[in-house]
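# A closer look at the structure
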Amino acid sequence: MRLQDICTKYRISDSYLNSKEDALLVAASSIQDLIGEINRSAERGIDENTKQSIITKMEKLTDFLKDVKNTGV
């Protein structure tokens, strides 16, 4: 898989993903977003829908990182 394929698969602008290092920055930003979402939910308690949403996003992030690892760059 090429980085351009990853951009298409995960709907990321190809201007953000020019190298594996860029992919790490995208992942770090996603992790920060998830931390914020968890912190906001913690104030009022995490309901089941929010919990499942966070889990799904984390699984997608895991798949993204595995795809990036396997690129030919």
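Residues numbered from 1 in each chain as written. Predicted model: local features only at pLDDT ≥ 70, side-chain atom pairs only at ≥ 80, totals over all residues. Heavy atoms only, no water.

### Considerations on the packing of helix α2 (residues 20–44) against helix α3 (residues 48–69)
Packing of α2 against α3 leaves a shortest axis separation of 11 Å and a crossing angle of 170°. The angle between α2 and α3 falls in the class roughly antiparallel. Every residue of α3 that contacts α2 at Lys-20, Ala-23, Leu-24, Val-26, Ala-27, Ser-30, Ile-31, Leu-34, Glu-37, Ile-38 and Ser-41 is listed here: Thr-50, Ser-53, Ile-54, Lys-57, Met-58, Leu-61, Phe-64, Leu-65, Val-68 and Lys-69. Class assignment for the residues of the contact of α2 with α3 results in 13 nonpolar, 4 polar and 4 charged. (Axes fitted to C-alpha atoms, helices over the stretch in contact; angles between N-to-C directions. Helix = DSSP H or I, 4+ residues; strand = E, 2+ residues; numbered from the N terminus. Parallel < 35°, antiparallel > 145°, perpendicular 65-115°, else oblique. Contact = heavy atoms within 4.5 Å. Nonpolar A, V, L, I, M, F, W, Y, C, P; charged D, E, K, R; others polar.)

### Regarding the layout of surface pockets
For the largest pocket, the calculated volume is near 300 Å³. Lining the largest pocket, in full, are Tyr-10, Ile-12, Val-26, Ser-29, Ser-30, Asp-33, Leu-34, Glu-37, Lys-57, Lys-60, Leu-61 and Phe-64. Taken together, the elements giving at least two residues each to the lining of the largest pocket come down to α2 and α3. In the lining of the largest pocket, the residues fall into 6 nonpolar, 2 polar and 4 charged. (1 Å grid on protein atoms, 1.4 Å probe; cavity = no way out; pocket = protein on both sides within 12 Å on 5 of 7 lines; lining within 4 Å. Points joined across faces, edges and corners; volume = space filled by probe spheres on them.)

### Concerning the packing of helix α1 (residues 3–10) against α3
It is at 10 Å that the axes of α1 and α3 come closest, and there the two elements cross at 165°. With respect to α3, the element α1 is oriented roughly antiparallel. Seen from above, α1 lies across α3 with right-handed handedness. On α3, the residues touching Ile-6, Lys-9 and Tyr-10 of α1 are Lys-60, Asp-63, Phe-64, Asp-67 and Val-68. Of the residues contributing to the contact of α1 with α3, the split by class is 4 nonpolar, no polar and 4 charged. (Left-handed = near helix turned anticlockwise from the far one by under 90°.)

### Thoughts on the environment of Asp-47
Among the structural elements, Asp-47 can be located in the loop between α2 and α3. A distance of 3.1 Å separates a polar side-chain atom of Asp-47 from the backbone nitrogen of Asn-49. (Polar contact = N/O pair within 3.5 Å; in protein donor to acceptor, adjacent residues only side chain to side chain.)

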